[in-house]
2 protein chains.
Amino acid sequence: MTERPNGHRPTLEDVARRAGVSKSTVSRVINGEPKVRAAVADRVRQAVAALGYVPNQAARSLVTRRSNAVAVVVTEPQNRLFVDPYFDCHLRGIRQELVRRGAQPVLLFIEDPDDYPRVGTFLGGGHVDGALLFSLRTDDPLPAMVAHMDLPAVFGGRPAGGSGHRGRGYASVDADNRGGAREAVRHLVSLGRRRIGTITGPLDQTSAADRLDGYRDVLLDAPAELVAEGDFTLRGGADAMAALLDRCPDLDAVFVASDLMASGALRVLRERGRRVPEDVAVVGFDDLVAIAEATEPPLTTVRQDIEDMGRLMARLLFERASDEPASRDGRPAPSSVVTPTRLVVRASA
Amino acid sequence: MTERPNGHRPTLEDVARRAGVSKSTVSRVINGEPKVRAAVADRVRQAVAALGYVPNQAARSLVTRRSNAVAVVVTEPQNRLFVDPYFDCHLRGIRQELVRRGAQPVLLFIEDPDDYPRVGTFLGGGHVDGALLFSLRTDDPLPAMVAHMDLPAVFGGRPAGGSGHRGRGYASVDADNRGGAREAVRHLVSLGRRRIGTITGPLDQTSAADRLDGYRDVLLDAPAELVAEGDFTLRGGADAMAALLDRCPDLDAVFVASDLMASGALRVLRERGRRVPEDVAVVGFDDLVAIAEATEPPLTTVRQDIEDMGRLMARLLFERASDEPASRDGRPAPSSVVTPTRLVVRASA
DNA sequence: ATGAAAGCGCTAACAA
DNA sequence: TTGTTAGCGCTTTCAT
């Protein structure tokens, strides 16, 4: 068992005394600095182990101004989060890259407007060296908050308000939603479909809005009844599909803005006796293989490499955080990257 | 825009100077202490706003020894986490209670053995005032780690190693898994079933082991072929059901250790042409209504109030953290609570 | 290679 | 009611 003479946690000083050296030396050993004699370093490490010493991060970050932690802030009702494999992928990529660079990822949820001030204080308080922010709605106060306290941050998805509208804009990683949607709809057109509907995500999210824009780019004069707003859930996709079918019984194709919604749509199509793709062709978005390959029929969909986008976000954050506003050749580091998408054709269209 | 003369973030001292008062006074205002003249407090608040001042938490916790954050540590491959509504419920309860008491919940994942040291350092470093820990396997090093650095902690589920085996044991909140399982199996017996199988969770988790014990309490001489180990996933439940059916074609009932697995089992039963409950009666565990009411037929299951268990964990943590080892009447605060379960009868058994 | 000393930004006695 | 002072535990010059 660990020895702990008095009641409180051991400090650097305790370790130093026990090892018969100075605090500086202990600090050096702990931080892996080379200039310490091996024998001394060993004595120190023994003392550390014997005392069960763990550095006090508060004291440490007070002087270093770093915490080695990075916040991942998710603004999303929890229930959606825990049901949509999309986040899982994203987080896997983020985690991987963060950990690789020695940072501890800490996840924060915002589920309620009341949460903003508390989370803002947390972010601004030096608990983390940077933040990765998600799912920003048009009215999300987070971008302004982090800008205001100049915390390095990278957004997942294009923040609402237009790219680069504030100063030089935010750093962000976003898929080419609009281009991907265009490709999906063009594919449907090339199949000879003429009554092509779309099921959108919540239009206060930029990804949903951008995908709708892509649809409209191709179908310039699509009537309003061909557009149904969903909410990125399976059930929302099903409901939207039902509404679409009611309004336009002659529908022969539908572009659905997420795979999860698409699987809901497929269910409704089946229930209503429409064959896919013979009667109605379906294209999804995301290419979450767990979903897209499991549907009946397998889903033709727009692929975005979500995991890689996560890694990219983390990488971008480190570039920003390491005070590297311009690379050595003078060009500013890219602050906003749009990753490509591509159509994966399976059986549904 | 916020004024910020020089490059660095404003400190208490900057605010004090600007408001023409001392640091102490600013500190008082910020921490809402009453003994400050309203006029002065206002001047301070104005200075805070003008400077965009956010207290440096590192400095603050260095002296207060508190961080106002609580870690929720989930030891689970992410993919399971993000697919099982069980965690969603638990987290909702935890979050609610934590926030109510002014603590910021921060979520940490452990997905890889490599993560333990890093997370351990984080937990021990004073980033958080306490930890809520989940899904402990028999070989999980976390209990020992937190004990070693005496961080207030509460476990979700009975930690492996027996209750109270180390000193006075850990604080934990667990459902009456064994009792619930007994009730489920007795119900099956009372229905006249004679060949009752069970699909367990991974037996290195105490909840799974306890439920199996409950099954055996009632069916003392159940042969091994009636027991199939699953993994708490839908697919695992389906596979186990298939195995069970292969081994025991005369099976007339099955107790499944989770609703998610039960829904997988129901699917297999249907595919194999077994009617539920006529041919095979099924009882689940959890009563996640999103699942149990949605299956065909609706699932008879053992209810545990997961959300409330989450709240309870948070409450217990605060009791521990507030250095309240014994209540005022001298009795030690309860450190390990087992919450009741009860059978909810629907159509599957 | 090691130690002494200063100070990070804040809170908490204690004085006034 | 307000200000002064002394650290909290660590890293980091600067000496040695």
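Residues numbered from 1 in each chain as written. Chains lettered and ligands numbered in written order. Predicted model: local features only at pLDDT ≥ 70, side-chain atom pairs only at ≥ 80, totals over all residues. Heavy atoms only, no water.

Undergrad: How would you summarise the overall build of chain A if you had to cite specific residues and measurements?
TA: In terms of helices and strands, chain A carries 14 helices and twelve strands. Of the contacts made within chain A by residues no fewer than 6 positions apart, 71% connect residues no fewer than 24 positions apart. Only carbon and sulfur atoms are counted for the fraction: they give 50% of the accessible area of chain A, which is about 15300 Å². (Helix = DSSP H or I, 4+ residues; strand = E, 2+ residues; numbered from the N terminus. Contact = heavy atoms within 4.5 Å. Areas by Shrake-Rupley, 256 points an atom, 1.4 Å probe, with all protein chains shown as cover.)

Undergrad: Please give an account of the UniProt feature "domain: HTH cro/C1-type" (unreviewed entry) in chain A that cites residues and values.
TA: Listed under "domain: HTH cro/C1-type" (unreviewed entry) in the UniProt record, and renumbered for this structure, are residues 11–33 of chain A. The straight-line gap between the two end C-alpha atoms of residues 11–33 of chain A is 19 Å; of that span, 70% is helix and 0% is strand. (UniProt positions renumbered as here; feature names shortened; annotations may be inferred.)

Undergrad: Outline the interface of chain A and chain B, listing residues and values.
TA: Every contact between the two is made by 43 residues of chain A and, on the other side, 43 residues of chain B. Taken together, the two surfaces of chain A and chain B that pack against each other cover about 4000 Å², and 53% of this comes from carbon and sulfur. In this assembly, chain A and chain B are joined by four salt bridges. In this structure, E111 of chain A and R95 of chain B form a salt bridge, with 2.6 Å as the shortest nitrogen-oxygen distance. Counting across the chain A and chain B interface gives 13 residue pairs in polar contact (both at pLDDT 80 or more). Elements that contribute at least two residues to the side of chain A that touches chain B include exactly helix 4 (57–64), helix 5 (78–81), helix 6 (85–100), strand 2 (104–110) and helix 7 (115–124) of chain A. Along the lines of polarity and charge, the residues of the side of chain A that touches chain B split into 20 nonpolar, 14 polar and nine charged. (Buried area = accessible area lost by both parts, 1.4 Å probe. Salt bridge = Lys/Arg side-chain N within 4 Å of Asp/Glu carboxyl O. Polar contact = N/O pair within 3.5 Å; in protein donor to acceptor, adjacent residues only side chain to side chain. Nonpolar A, V, L, I, M, F, W, Y, C, P; charged D, E, K, R; others polar.)

Undergrad: So what about the sheet that holds strand 8 (residues 253–256) of chain A? Which residues, and what values?
TA: Residue and element names in this part refer to chain A. The strand order across the open sheet built from six strands is 7-6-8-9-10-12, with neighbouring strands paired in mixed fashion. With one partner strand each, in any of the chains shown, strand 7 (227–229) and strand 12 (342–344) form the two edges of the open sheet. Mean inter-strand twist for the sheet, computed between neighbouring axes without regard to direction, equals 20°. The pairing of strand 6 (residues 196–200) with strand 8 spans four bridges and is parallel. (Pairing = 2+ DSSP bridges. Axes fitted to C-alpha atoms, helices over the stretch in contact; angles between N-to-C directions.)

Undergrad: Describe in detail the sheet that holds strand 10 (residues 300–303) of chain B, supporting the description with residues and values.
TA: Residue and element names in this part refer to chain B. If you trace the six strands from one edge of the open sheet to the other, you get 7-6-8-9-10-12, paired in mixed fashion. Looking along the sheet, the strands with just one partner apiece sit at the ends: strand 7 (227–229) and strand 12 (342–344). Ignoring strand direction, the axes of neighbouring strands in this sheet form an average angle of 20°. Bridge count for strand 6 (residues 196–200) against strand 7 is three bridges, and the pairing is parallel. Paired with I199 across the two strands is A228, which belongs to strand 7. Sheet strands in contact with helix 10 (residues 206–218) are strand 6, strand 7, strand 8 (253–256) and strand 9 (281–286), and its direction is about 170° off that of strand 6. Strands in contact with helix 11 (residues 234–247) are strand 6, strand 7 and strand 8; relative to strand 7, the strand with the most contacts, it is inclined by about 150°.

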